[in-house]
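# Overview (structure and organization)
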Amino acid sequence: MLKKVVCLVLPGTAPFEFGVVCEVFGVDRSAMGGPALDFQIATADPGPVPTSFGFTLHVDNDLSIAADADLVAVPAHLDGTEVIDERYLEVVRAAAARGAWVLSVCTGAFVLAQAGILEGRRATTHWMHADRLAKTYPNIEVDPDVLFVHDGSIVTSAGTASGIDAALHIVRVEHGAAAANVIARRMVVPPQRDGGQAQYISTPIPEHRADSFAEVTDWMLQNLDQDLTIDQLARRALMSSRTFARRFRADLGTTPAAWLNRQRILRAQQALEQTDAGLEEVAQLAGFGTAAVMRHHFLKVLQTTPTAYRRAFSCRLDESMAS
């Protein structure tokens, strides 16, 4: 279970990306159902550390405090072209070696790349720097089209605000959807954003979608348990099937089938977390039809089974253990 988080402050750290890490992991929201975390910031040489905006941050802790961290976070710093102090790289390597989470925000991915922990892995960074990351480190599979990439215990996020998505994803994996939603609501951000790869960290209600498809997607959510076809959805949108599929992808960043499957997974996750319903009932509620089909999609997308997911995240199990 994620308990201790250390954010590394490198010279030239970007204040916004640094603030994202502090806001998600550093604010005590345990009274509202959020996780209680030991959050620290550290730098190689304690004292004033210059930021990318010219002002300084005063950091008291040296890097030794990260030796037992469950998560080491690296915010963006300048443009990622700098040679990084070996002391930071050693902290990152050690965290990865012991299986701790390592999170980068924006150009923080270049620190992870210099440390060598992205070799042979998928990763992302801000789209402006993705080509350079790929050319400089050809053994990294750089995906510039996603909000974040989760590969093993390493999570790399794209530019700026996508660090929120990546951080909330880690909270969800470690502490469940309810905890991630508490943080998201307090930050006044969606627990997930549509577009790119599925970010499985929210309730089934999509927070961002094009107005032109709002009515159709609302209807889809109300009828997840039905067999919904493209032709049927296109008729509701008063479009041809081809036009509907093309415009849906352009506006929402994914195909109707992928969007529908994503919402079904999210609905199933919510039911597994919050109810005692059997797997067959959950599968029917979410629109998968059978538990076997639901299991297939959980394994493909979440790399876990519905039973294992419920065991890890069920609020009902937590309540029964508490009583």
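Residues numbered from 1 in each chain as written. Predicted model: local features only at pLDDT ≥ 70, side-chain atom pairs only at ≥ 80, totals over all residues. Heavy atoms only, no water.

## A few points about unusual backbone geometry
Among all residues except glycine, the phi angle is most often negative; among peptide bonds, the trans geometry is most common. Although it is not a glycine, Cys 106 adopts a positive phi angle of roughly 60°. If you trace the backbone, Cys 106 turns up in the loop between strand 6 (101–104) and helix 3 (109–115). (Helix = DSSP H or I, 4+ residues; strand = E, 2+ residues; numbered from the N terminus.)

## Focus on the nonpolar core
Within the largest apolar cluster, 37 residues are counted, with the highest numbers of intra-cluster contacts made by Leu 2, Val 24, Phe 25, Leu 71 and Leu 103. Taken together, the elements giving at least two residues each to this core come down to strand 1 (4–8), helix 1 (15–26), strand 4 (56–59), strand 5 (71–74), strand 6, helix 5 (162–175) and helix 6 (177–187). With sequence-adjacent residues up to four places away left out, Leu 103 is seen in contact with Phe 25, Leu 71, Val 72, Ala 73, Val 74, Val 155, Ala 166, Ala 167 and Ile 170. Ranked by size, the runner-up nonpolar core spans 34 residues in total, among them Ala 42, Ile 65, Ile 84 and Ala 100. (Core = buried A, V, L, I, M, F, W, Y, C linked by side-chain atoms within 4.5 Å. Buried < 20%, exposed > 50% of the residue type's maximum accessible area, 1.4 Å probe, protein only. Contact = heavy atoms within 4.5 Å.)

## Quick word on the pattern of salt bridges
This model, assessed by the stated rule, comprises ten salt bridges. A salt bridge links Glu 86 to Arg 93; the nearest nitrogen and oxygen atoms lie 2.5 Å apart. If you follow the salt bridges from partner to partner, you end up with Asp 45, Asp 85 and Arg 87 in one network. (Salt bridge = Lys/Arg side-chain N within 4 Å of Asp/Glu carboxyl O.)

## Some thoughts on the packing of aromatic side chains
According to the stated counting rule, one finds three aromatic pairs in the structure shown. On the basis of an interplanar angle of 80° and a centroid distance of 6.2 Å, the ring pair of Phe 248 and Trp 259 is categorised as edge-to-face. One end of the pair, Phe 248, is in helix 9 (residues 241–252); the other, Trp 259, is in helix 10 (residues 256–274), and eleven residues separate them in sequence. Judged by relative accessible area, Phe 248 falls into the buried class, the value being 0%. Ring-pair connections join several aromatic residues into one group, and the members of that group are Phe 244, Phe 248 and Trp 259. (Phe/Tyr/Trp six-rings, centres within 6.5 Å; stacked < 30°, edge-to-face > 60°.)

## Topic: the packing of helix 10 against helix 11 (residues 279–286)
Direction vectors running N to C along helix 10 and helix 11 enclose 140°, while the axes themselves pass 8 Å from each other. At the point where helix 10 passes helix 11, the crossing takes the right-handed sense. Across the interface between the two elements, Arg 264, Arg 267, Ala 268, Ala 271 and Leu 272 of helix 10 pack against Leu 279, Val 282, Leu 285 and Ala 286 of helix 11. (Axes fitted to C-alpha atoms, helices over the stretch in contact; angles between N-to-C directions. Left-handed = near helix turned anticlockwise from the far one by under 90°.)

## A look at the sheet that holds strand 2 (residues 38–42)
One open sheet holds the six strands; their spatial order is 2-1-5-6-10-9, and the pairing between them is mixed. Strands at the two margins of the open sheet, each flanked by one partner only, are strand 2 and strand 9 (148–151). Ignoring which end each strand starts from, the neighbouring axes of this sheet average 15° apart. Relative to strand 5, strand 1 is paired through three bridges, and the arrangement is parallel. Looking at the pairing, Val 5 lines up with Leu 71 of strand 5. Along the sheet, helix 1 makes contact with strand 1, strand 2, strand 5 and strand 6, crossing strand 2 at roughly 160°. (Pairing = 2+ DSSP bridges.)

## Quick word on helix 4 (residues 127–136)
Helical geometry: 3.6 residues make up each α-helical turn, so side chains three or four residues apart lie on a common side. Among the residues making up helix 4, those that are buried are His 129, Ala 130 and Leu 133. Each buried residue of helix 4 sits inside an arc of 125° when the element is viewed along its axis, so together they form one side. Turned more than 90 degrees away from the buried face of helix 4 sit Met 128, Asp 131 and Lys 135, all of them exposed. Taken together, the buried residues of helix 4 touch helix 3 and strand 8 (141–142). (Arc of directions from axis to C-beta.)

## What to know about the environment of Leu 260
By the element assignment, Leu 260 lies in helix 10. Accessibility expressed as a relative area gives 5% for Leu 260, which makes it buried. Setting aside chain neighbours within four positions, we find Leu 260 in contact with Met 220, Leu 224 and Leu 228.

Treat this as a map of the structure, not an account of what it does.
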